[in-house]
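Listed below are the residues making up each chain.
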Amino acid sequence: MHIKEFIFFLSSEKRFSAHTITAYKNDLLQFFSFLNQEDPSINDLKQISFKIIRKYVAFLLDSDLKSRTVNRKISTLRSYFKFLVRMDYLSSNPILKIIPPKSEKKIPVFVDQDSMQALLNEVSFEKGFIGERDKLIIELFYVTGVRLSELINIRIADINFDKCSVKVLGKRNKERIIPLTNSITNEISSFILKFDLSKYLFTNLKKQKVYNKLVYRVVKKYISKISSIDKNSPHILRHTFATHMLNNGADINAIKELLGHANLSATQVYTHNTIDKLKMIYKQAHPRA
């Protein structure tokens with residue numbers, strides 16, 4: 001069914017991450033498992049019809065999956081069948097008429113400004129390299145809104161100390177430049193000199209680049225000191241960065257560029273939190289509210 005070719009295409013041409021490629025592969029395997037159970041006689045791509053795909057979507061919805069998950073699986077199939085048509089393995093695309101379910105809007109969870117100030121100004125971090133590194137990790141997440149993968153791959157060479165900025169490599173290998181405050185630029189410079197770092201900004205005691213789980217533990221440990229949020233992941237700090245920027249008057253298009261979003265719709269989820277704040281202010285201030 002040309003799955004290996006499709007996966008190679010995602011890796012070599014689309015340059016998707018290993019995590020994304022694994023998700024695509026699992027989605028396709030689930031689809032073909034469904035086909036095999038639904039109609040074992042299907043052994044050719046041309047036998048896959050709009051009706052059988054519609055049955056599959058109905059099966060997914062009946063499985064109590066969230067609409068967002070169902071839409072991701074449909075998106076995988078769209079990419080797959082588009083690839084097959086492009087490669088002339090199919091003459092027509094059977095998924096074109098499939099209408100995806102409406103996704104529920106998930107409002108991002110974030111840490112409020114007072115709590116973030118308390119974390120950075122009042123919470124005690126460990127003494128020495130580990131404590132200073134951990135605080136810098138928290139602060140850089142909050143000041144830049146970078147993704148976890150972007151943060152752990154920051155090299156010292158990526159930091160422009162004169163222009164107070166850092167270069168990060170985002171999704172699909174897209175580079176972007178993010179401004180830094182003078183304060184954190186000085187902190188980074190002092191941290192590098194104090195602990196004689198030469199390659200990556202964030203390392204363990206053996207000067208090896210930090211890994212995902214280590215950073216997760218750091219964020220969870222310190223966010224739990226100032227917030228009751230259940231999911232204390234690094235992404236919470238990305239949400240916090242965007243929400244606080246919007247609440248303090250930043251232009252949404254500027255935030256889109258800082259976050260490295262491909263389109264504005266991905267950034268607009270943060271406006272819900274801003275609108276909630278405006279409603280609260282309106283109720284408090286308007287005489288007729």
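Summary of the structure given here. (Residues numbered from 1 in each chain as written. Predicted model: local features only at pLDDT ≥ 70, side-chain atom pairs only at ≥ 80, totals over all residues. Heavy atoms only, no water.)

With respect to the environment of Glu 132
The criterion, for reference: Helix and strand definitions here come from DSSP, where helices need a minimum of 4 consecutive H or I residues and strands a minimum of 2 consecutive E residues; each element is numbered from the N-terminal end. The classification of residues rests on relative accessible area computed with a 1.4 Å probe and restricted to protein chains. Under 20% of the type maximum is buried, over 50% is exposed, and intermediate values are partly exposed. Whether two residues touch is decided by their heavy atoms; if any such pair falls within 4.5 Å, the residues are in contact.
Its location among the elements puts Glu 132 in helix H6 (residues 128-144). In this structure Glu 132 comes out as partly exposed when scored by relative accessible area, which is 31%. Along the backbone, Glu 132 and Tyr 89 are 43 residues apart, and their C-alpha atoms lie at a distance of 56 Å. In contact with Glu 132, other than residues within four places in its own chain, are Glu 126, Phe 191, Lys 194 and Phe 195.

Digging into helix H8 (residues 182-194)
Residues that lie three or four places apart on an α-helix share one face, since the helix turns once every 3.6 residues. Heads up, the rule is: Take the residue count of a helix, subtract one, and multiply by 1.5 Å to get its expected span. The directions from the helix axis to the C-beta atoms form the arc being described.
In this model, H8 (13 residues) spans 18 Å end to end at C-alpha, consistent with the 18 Å of a helix rising 1.5 Å per residue. Every buried residue belonging to H8 is among Ile 184, Thr 185, Ile 188, Phe 191 and Ile 192, and all of these are buried. Seen end-on, H8 carries its buried residues on one side only, within an arc spanning 125°. Every exposed residue of H8 that faces more than 90 degrees away from the buried side is listed here: Asn 182, Asn 186, Leu 193 and Lys 194. Phi turns positive one or two residues past the end of H8, at Asp 196, with a value near 50°.

Here we look at the pattern of salt bridges
Just so we agree on the cut-off: For this document, the term salt bridge refers to a Lys or Arg side-chain nitrogen within 4 Å of an Asp or Glu carboxyl oxygen.
Counted according to the given criterion, the structure contains 10 salt bridges. Asp 134 serves as the salt-bridge partner of Arg 133, at 2.9 Å between the closest nitrogen and oxygen. Judged by its relative accessible area of 4%, Arg 133 is buried. Between Glu 257 and Lys 256 there is a salt bridge, and its shortest N-O distance comes to 2.9 Å. Taking relative accessible area as the criterion, Lys 256 reaches 14% and is therefore assigned buried. Through salt bridges with shared partners, a single network forms among Asp 27, Arg 72 and Lys 73.

What about the packing of aromatic side chains?
For clarity, the threshold we go by: Any two of the Phe, Tyr and Trp rings considered here, Trp counted by its six-membered ring, make a pair once their centres fall within 6.5 Å; the pair's planes then place it as stacked at under 30 degrees, edge-to-face at over 60, or tilted in between.
By the definition in use, this model includes 18 aromatic pairs. Here Phe 31 and Phe 81 contribute two aromatic rings whose centre-to-centre distance is 6.3 Å and whose plane-to-plane angle is 85°, an arrangement assigned as edge-to-face. Residue Phe 31 is located in helix H2 (residues 18-38), and its partner Phe 81 is located in helix H4 (residues 67-86); the two are separated by 50 residues in the primary sequence. When sorted by exposure, Phe 31 lands in the same class as Phe 81, which is buried.

Some details on the packing of H6 against H8
The condition is simple: Here an angle of 0 to 180 degrees is reported between the N-to-C directions of two axes, which are lines fitted to C-alpha atoms, with helices fitted over the stretch in contact. Reported orientations rely on four angle classes, namely roughly parallel under 35 degrees, roughly antiparallel over 145, roughly perpendicular from 65 to 115, and oblique for the rest. Rotating anticlockwise by less than a right angle from the far helix to the near helix defines a left-handed crossing, while the corresponding clockwise rotation defines a right-handed one. In this classification, Asp, Glu, Lys and Arg are treated as charged, Ala, Val, Leu, Ile, Met, Phe, Trp, Tyr, Cys and Pro as nonpolar, and every other residue, Gly included, as polar.
With their axes 11 Å apart at the nearest point, H6 and H8 run at an angle of 150° to one another. With respect to H8, the axis of H6 lies roughly antiparallel. H6 and H8 meet at a crossing whose hand is left-handed. Along its contact with H6, which presents Phe 129, Glu 132, Arg 133, Leu 136, Glu 139, Leu 140 and Val 143, the element H8 presents Ile 184, Glu 187, Ile 188, Phe 191 and Lys 194. Of the residues that constitute the contact of H6 with H8, the class distribution is 7 nonpolar, no polar and 5 charged.

Thoughts on the pairing of strand E3 (residues 175-179)
Put simply, the rule reads: A pair of strands counts as paired when DSSP detects no fewer than two bridges linking them.
Every second residue of E3 is oriented toward a common face, the buried set being Arg 176 and Ile 178 and the non-buried set Glu 175, Ile 177 and Pro 179. By the bridge criterion, 5 bridges tie strand E2 (residues 165-169) to E3 in an arrangement that is antiparallel. Looking at the pairing, Lys 167 lines up with Ile 177 of E3. In this structure, the hairpin formed by E2 and E3 is closed by a connection of 5 residues, where Arg 172 is found at a positive phi of approximately 55°.

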